[in-house]
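Here is how the chains run, residue by residue.
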Amino acid sequence: MKIFKALGSGCHRSLKVWKGILIFWFISLSLVSLVAFPMKGIMKTGFGQSAITGKLLNGIDVEVLSDLGAVYKSLTHSFSAGLLLLLLLWLLINAFLTGGLFNSLKSNDEKFSAGEFFRASARYFLPFMVITLIISAILILLALILIVIPMGGVASPDNPNESVPWLILIISVSLYILISQVFVLVADYARAWQVKNEKPACFRALGFGFSRSFRRFLSSFPMMLIIWLVQTMFVLLVLKVIGNWKPASGFGVFGLFLLSQVLLYIRFLLKAWRYGSVTSLKELNDPLPSSEATVNI
Amino acid sequence: MRKLFFILAFLLSVSGGVNSQVINKVPLSPRITGYTIDAKLDPATKCVTGKMEAFWVNQTTETVPDIQLHLYMNAFRSNKSTFYKEFGGSPGKDSAAIGWVEIKSFTGKNGIDLLPYMKFIHPDDKNLSDSTVVKVTLPVAAKPGDTVTVKINFVTKLPSQIRRNGYRDDFFFVAQWFPKFGVYEPAGMRQRNIGGWNCHQFHAHSEFYADHSVYDVKITVPKEYVIGTGGMLLNESDADGKTKVQTWRAEDIVDFAWTAWPGYAVFTDQWKQVKITLLIPKTRLEQVERQFTAVKNALEYLDKNVGPYPWPHLTFVDPPAFASGAGGMEYTTLFTSESFYKVPGTIHLPEMVTVHEFGHAYFMGILASNEFEEPWMDEGINSFWEERIMDHYWGENSGMIDLPFLKVSDKSLSRLTYARSGSRQVITNNEYSWNYPHNTYDMMSYEKTATWLYTMMGIIGEDATNEVFREYYKRWAFKHPSGKDFVNVVNDVVKRIYGDKFGPDMNWFFDQTLYGTGVCDYKVESFRSSLQGSKIKNDSTVKSLMVTDSSKMAIVRLDRLGDIMLPVDVLVHFKDGEEIHESWDGKSRFKDYTYYGEKQIQWVKIDPDYKIRMDVDFINNSLTIDPDRVPLRRFSDKLISFMQFLTSIVTL
């Protein structure tokens, strides 16, 4: 019952901060455009005034792309370097903006204020960055232990049983998804605690996150699984829609752009729903014994 | 089935062995060589012990003083062999890893010991450490019509899997395992001036060459092993409770290989008169149907467009992952494919390997070209047909990959591999397989050949191309065609269909593509409208097709950037929708077309149907005043969305 109450409250809170999510979306679009537009420029230069671009109307044509020759190489270099830069930048910006978002989500009825959003973003940047780095490191380590190492052990072509690597992969990935949700929960609890306690204390926040995640495991974890399931289904839907739609007119392409950005906005909304639900669940569980309200680590 | 075995065994016993007919009613080949082998596999020592009786018939008009045989397995004996010198690396010091064949006894007619007459020769590189070819001087030279019969007892130690040969644990693929005659080529055959043996050493980049033969092979293995061969099973018996003996018969094939592994599941299917057997790991049964579909598609296509598959049997093997090194090899009526557990149906790799390796039953098996000397004739021609089959049955644009966001045709991969290779001009396409420098063997033999064959098809048309191959089959089935013989077939067929449309012959095409190192690259340099008598200087033929009473004219300028000169179509599209087709012989370095009148050109395309697939850059083949930017914008939009979603997903 508590789970659904928290999910409902999270939904309400996330919708309430739609302007904050708009900021998220806008910064994301601007940042990605910085990488994508030069790539578009490179392609434009590569194709020049050729009429061959018509061959690309049905989708990627490896022959046409490979005929770009040196331009194709610079395109792939731009993509890999740009993506890496983007991930690093987004790591920082995400840590910054989530501070504001969590702060806006902590109350069910306060009105959203852009000024307060950015103030909170600045205030909590460092602790949120530390929380993000530590939990991300744990998740990478977890992937290494649960997926890379077991797969490395069994994926050898010398393994006479061909089905075993697949079985191990399915089990490993499933385990990773399940366990990683616990650490995502820890990060969310820690950030919710941090914005409630205002004074930057990232390690205390993490301590609270771990403590609350495990003490309230039976209510918190299923909620995270529900959210994960909804988000995953949404991403699959997006892949299906965006991946398969190949508009052949300028109007259609504009429609594709609008649709993809609306879907991305919904994606950010779903993320905020998770933040709001965890914040709400924390509050629902908060009239706790005094020893649990603040944690000594 | 058992009844059939008895009938076949009976037929064999009453009809006199290798000289008789068991599988087909009449011999398909001249039966120059034949082998009867009693082989026993010892899985513990990884050795095959063999007793062989073989014959070579001198069907030439020349007296032949010697015989030459391949001992291929000695390529894996040490790092001093020609194979390892070219391949690099070493078989190591582990005696279990190396491979060799030892002749224990060698006798000729009337039991005469031929061992003293035997010596290793090194016709290709004078490498004294190589022992892959042996020459035996006959005590009495073989006169025309004579049959040289030899009896050889040998032991073959199989190597740890290398070059799709050898063993991995209890898996065995036994190929190139017995002493095998070279091909005696009399003067005139394959444009030879003087007759002689064609018996090359085993090279890192080479395959094989042999006469079509009859094989009667008795194989003894432990009882639990499942055997697959390129022959028909005639008989199976229990030897001593622990081992079994199978007797196999193969006719008119150029090699006899076999595999044995306890883990195979055996499936059979039928296509017309051909019984198809598939050996596949028991864990990979989901691939069975697609493998049969692939081989039946290939049978149907080649049967229709080239010639009949003449054997009533065909066996193919999908080796287990731990022995995947055996995958992708051909022995006419036996070949190995390559799939993986759970390989998705949208990736047509298993089908591609199956279609390709089966295709070798034609291009090398039936049309037994010399793979050592002219590898393009088997790998290249076969790749061309593989690509046609893949794109025909699995989608013109998705023959290789058929994902919603990425479709790749099989022929695209060939062209881009050739076109993007930095070494595409270092050597001609007509080289001995071991002479290709800078790792160009694969690109030249497979991809370049397939690309120029597509280009030839673009020029002479699909029907004429099919007719070329039907004629090639008709003239050269169960013989040894050379590259020149193939070219002659093309010349004859094109002449028959088109007269002199392409000149007295097609040699101009082959001189540039097969025997040349140039590249093909045509470019639309520019087009523009201008006033008559303005500054444009026009040195080439000016073609006036439009009304001439206008003061305006449109000029199209085309360039030939590459050395290869091929006839190309040119399509000029005007703003009012009118189109003019031009045919340019492609010989001059540039070509201008001038059109008088008010009409303005919208776009120009050289080779608008992309038929000249040797052109290394399709992008510069066209020019337009308003390029379609929609695909680029769409690409950019999707890229932005992808990056946004990715960053959103991987951050907390």
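Residues numbered from 1 in each chain as written. Chains lettered and ligands numbered in written order. Predicted model: local features only at pLDDT ≥ 70, side-chain atom pairs only at ≥ 80, totals over all residues. Heavy atoms only, no water.

Tell me about the overall build of chain B, and name the residues and values.
Along the backbone of chain B there are twelve helices and 31 strands. Here the C-alpha atoms of chain B give a radius of gyration of 28 Å, agreeing with the 26 Å that 2.2 N^0.38 yields for 652 residues. C-alpha extents for chain B along the principal axes are approximately 95 × 75 × 50 Å. Per-residue burial over chain B gives 62% buried out of 652 residues. Taking the intrachain contacts of chain B between residues at least 6 apart in sequence as the baseline, contacts between residues at least 24 apart amount to 71%. (Helix = DSSP H or I, 4+ residues; strand = E, 2+ residues; numbered from the N terminus. Rg over C-alpha atoms; globule rule 2.2 N^0.38 Å. Buried < 20%, exposed > 50% of the residue type's maximum accessible area, 1.4 Å probe, protein only. Contact = heavy atoms within 4.5 Å.)

So what's going on with the packing of aromatic side chains? Which residues, and what values?
Within the structure shown, the criterion is met by 79 aromatic pairs over all chains. Taking 4.5 Å as the distance between ring centres and 35 degrees as the angle between the ring planes, the aromatic pair formed by Phe102(A) and Tyr275(A) counts as tilted. Placement of Phe102(A) in helix 4 (residues 70–105) and of Tyr275(A) in helix 10 (residues 250–284) is noted, with a sequence separation of 173 residues between them. Here Phe102(A) and Tyr275(A) have matching classes, each one buried. Against the face of Phe618(B) rests Arg415(B), its NZ or CZ located 3.7 Å from the ring centre. Above the plane of the ring of Trp603(B) lies Lys605(B), whose end atom (NZ or CZ) is 4.5 Å from the centre. (Phe/Tyr/Trp six-rings, centres within 6.5 Å; stacked < 30°, edge-to-face > 60°. Lys NZ or Arg CZ within 6 Å of the ring centre and 35° of its normal.)

Tell me about unusual backbone geometry, and name the residues and values.
Residue and element names in this part refer to chain B. Notably, Arg-164 is not glycine yet its phi reads approximately 55 degrees, a positive angle. With respect to the helices, strands and loops of the structure, Arg-164 is situated in the loop between strand 7 (147–157) and strand 8 (166–168). Of note in the backbone geometry, Asn-439 takes a positive phi value of approximately 55 degrees without being a glycine. You can call Asn-439 exposed: its relative accessible area is 72%.

Go over helix 3 (residues 288–305) of chain B with me, naming the residues and quoting the values.
Its 18 residues place the ends of helix 3 of chain B 26 Å apart at the C-alpha level, agreeing with the 26 Å of an ideal helix rising 1.5 Å per residue. All of the buried residues along helix 3 of chain B are Val288(B), Arg290(B), Gln291(B), Phe292(B), Ala294(B), Val295(B), Asn297(B), Ala298(B), Leu299(B), Tyr301(B), Leu302(B) and Asn305(B). (Expected span 1.5 Å × (residues − 1).)

Can you tell me about the interface of chain A and chain B, naming the residues and giving the values?
Taken together, the 80 residues of chain A in the interface contact 55 residues of chain B. Summing the contributions of chain A and of chain B, the shared interface buries around 5,900 Å²; its carbon and sulfur component is 64%. Looking at the side of chain A facing chain B, the largest losses of area belong to Glu63(A), Asp67(A) and Glu162(A), adding up to 13% of the total buried there. The interface formed by chain A and chain B includes five salt bridges. There are 33 residue pairs in polar contact (both at pLDDT 80 or more) connecting chain A and chain B. Counting only elements with at least two residues in the side of chain A that touches chain B, the list comes to helix 2 (18–47), helix 3 (62–66), helix 4, helix 6 (125–154), helix 7 (163–197), helix 9 (217–244) and helix 10 of chain A. Among the elements that take part in the side of chain A that touches chain B, helix 2 of chain A stands out by supplying 14 residues, more than any other. In the side of chain A that touches chain B, the residues fall into 44 nonpolar, 24 polar and twelve charged. (Buried area = accessible area lost by both parts, 1.4 Å probe. Salt bridge = Lys/Arg side-chain N within 4 Å of Asp/Glu carboxyl O. Polar contact = N/O pair within 3.5 Å; in protein donor to acceptor, adjacent residues only side chain to side chain. Nonpolar A, V, L, I, M, F, W, Y, C, P; charged D, E, K, R; others polar.)

I'd like to hear about the sheet that holds strand 18 (residues 264–271) of chain B, residue by residue, with values.
All names here are of chain B. Read across the open sheet, the five strands follow the order 18-19-20-22-21; overall the sheet is mixed. Either end of the sheet is taken by a strand with one partner, and the two such strands are strand 18 and strand 21 (329–330). Looking at chain direction, strand 20 (residues 313–317) and strand 22 (residues 334–336) are connected through three bridges and run parallel. Within the sheet, the bridge partner assigned to Val-317 lies in strand 22 and is Thr-336. The strands that helix 3 touches are strand 18, strand 19 (274–281), strand 20 and strand 22; relative to strand 18, the one it contacts most, it runs at about 35 degrees. (Pairing = 2+ DSSP bridges. Axes fitted to C-alpha atoms, helices over the stretch in contact; angles between N-to-C directions.)

Give me helix 7 of chain A: which residues, what numbers.
Here helix 7 of chain A is 35 residues long and its end C-alpha atoms lie 51 Å apart, about the 51 Å a rise of 1.5 Å per residue gives. Of the residues one or two after helix 7 of chain A, Glu198(A) is the one with positive phi, at around 55 degrees.

Describe the packing of helix 3 of chain B against helix 9 (residues 462–476) of chain B, with residues and values.
Residue and element names in this part refer to chain B. As a packed pair, helix 3 and helix 9 sit with axes 8 Å apart at the nearest point and diverge in direction by 85 degrees. Taken together, helix 3 and helix 9 sit at an angle that is classed as roughly perpendicular. Side by side, helix 3 and helix 9 meet where Tyr-301, Lys-304 and Asn-305 of the first sit next to Glu-462, Asn-466, Phe-469 and Arg-470 of the second. Among the residues making up the contact of helix 3 with helix 9, the classes are represented as two nonpolar, two polar and three charged. (Parallel < 35°, antiparallel > 145°, perpendicular 65-115°, else oblique.)

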